[in-house]
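Each chain is listed here by its residues.
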Amino acid sequence: METNVVSKSTTSRVAEMVLGIIGGIFGIIGGIIAMAVGAVAGAFHASGSSGVSGLGVACIIVSILAIIFSCIINKKRVLFGLIILICGILNIIFISYFGILSGILIAISGILALIRK
């Protein structure tokens, strides 16, 4: 008696996970650097220094969300891919030059999740 088992082929999401995690780590580092720049600017009483520190904190939060969603991307790839793409764009918007590398890596992770079937 032979039993034929038909298994559904699933695509490996390792590339999305790795890019999302690496981008999130760089985003956390960029957020810490932005917070340090805001603290130094605050020490010299520069205007807008608290805004830079706040955007650094926001970037860290978005980067942590990108890491979390990258790890569970196998559940609903389209939804989490879109959220990860938004996290990458927000990373670039929040801390501009400090977030370019992390934002690009996170955005590529989201785009790969949306494109690959």
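Residues numbered from 1 in each chain as written. Predicted model: local features only at pLDDT ≥ 70, side-chain atom pairs only at ≥ 80, totals over all residues. Heavy atoms only, no water.

Asker: What is the right way to read a nonpolar patch on the surface from this model?
Answerer: Together, Val14, Val18, Ile22, Ile25, Phe26, Ile29, Ile33, Val37, Val52, Phe98 and Leu101 make up a nonpolar patch on the protein surface, roughly 870 Å² of accessible area in all. Ranked by residues supplied to the nonpolar patch, first place goes to helix H1 (residues 14-43) with 8 residues. Tracing the sequence through the fold places leucine 101 in helix H4 (residues 100-115). (Patch = residues over 30% accessible without salt bridge, like charges linked within 9 Å, V, L, I, M, F, W, Y side chains within 5 Å. Areas by Shrake-Rupley, 256 points an atom, 1.4 Å probe, with all protein chains shown as cover. Salt bridge = Lys/Arg side-chain N within 4 Å of Asp/Glu carboxyl O. Helix = DSSP H or I, 4+ residues; strand = E, 2+ residues; numbered from the N terminus.)

Asker: How should the environment of serine 102 be read in this particular structure?
Answerer: When you line up the elements, serine 102 lands in helix H4. Owing to a relative accessible area of 1%, serine 102 belongs among the buried residues under this scheme. Sequence separation of serine 102 and lysine 75 is 27 residues, and the distance between their C-alpha atoms is 23 Å. In this view, serine 102 contacts Gly23, Phe26, Gly27 and Asn91; residues no more than four positions away in its chain are not counted. Engagement of the side chain of serine 102 in a polar contact is seen with the backbone oxygen of glycine 99, the distance being 3.3 Å. (Buried < 20%, exposed > 50% of the residue type's maximum accessible area, 1.4 Å probe, protein only. Contact = heavy atoms within 4.5 Å. Polar contact = N/O pair within 3.5 Å; in protein donor to acceptor, adjacent residues only side chain to side chain.)

Asker: Teacher, can you tell me more about the environment of isoleucine 115 here?
Answerer: In this structure, isoleucine 115 sits in helix H4. Looking at isoleucine 115, the relative accessible area reads 58%, which means it is exposed. Remark: the alpha-carbon pair of isoleucine 115 and arginine 77, spanning 38 residues in sequence, is separated by 9.8 Å.

Asker: Explain H4 here, please?
Answerer: Note: α-helices contain 3.6 residues per turn, so residues at a spacing of three or four share the same orientation. For H4, spanning 16 residues, the distance from its first C-alpha to its last is 22 Å, which sits close to the expected 22 Å at 1.5 Å a residue. Where H4 is buried, its residues contact H1, helix H2 (49-71) and helix H3 (77-95). (Expected span 1.5 Å × (residues − 1).)

Asker: Where do I start with the packing of H1 against H4 in this structure?
Answerer: Running from N to C, H1 and H4 cross one another at 160°; their axes reach a closest spacing of 8 Å. The angle between H1 and H4 falls in the class roughly antiparallel. Of the two possible hands of crossing, H1 and H4 adopt the one that is left-handed. Together, Ala15, Glu16, Leu19, Gly20, Ile22, Gly23, Gly24, Phe26 and Gly27 of H1 and Leu101, Ser102, Leu105, Ile106, Ile108, Ser109, Leu112 and Ala113 of H4 make up the contact between the two elements. (Axes fitted to C-alpha atoms, helices over the stretch in contact; angles between N-to-C directions. Parallel < 35°, antiparallel > 145°, perpendicular 65-115°, else oblique. Left-handed = near helix turned anticlockwise from the far one by under 90°.)

Asker: When you look at the pattern of salt bridges in this model, what are you seeing that I'm missing?
Answerer: If the charged atoms of two oppositely charged side chains come close together, the side chains can form a pair. Following the criterion strictly, the structure yields 2 salt bridges and no others. Put simply, arginine 13 and glutamate 16 hold a salt bridge, and the shortest N to O gap is 3.2 Å. Its relative accessible area of 7% is what places arginine 13 among the buried residues. On the accessibility criterion, glutamate 16 (0% relative accessible area) is buried. A salt bridge links glutamate 16 to arginine 116, with the nearest nitrogen and oxygen atoms 3.3 Å apart. Taken as a pair, glutamate 16 in helix H1 and arginine 116 in the segment after H4 lie far apart in primary sequence, 100 residues in all. A residue is classified by how much of its surface remains accessible, and arginine 116, at 27% relative accessible area, is partly exposed. Salt bridges linked by common partners bring Arg13, Glu16 and Arg116 together as one network.

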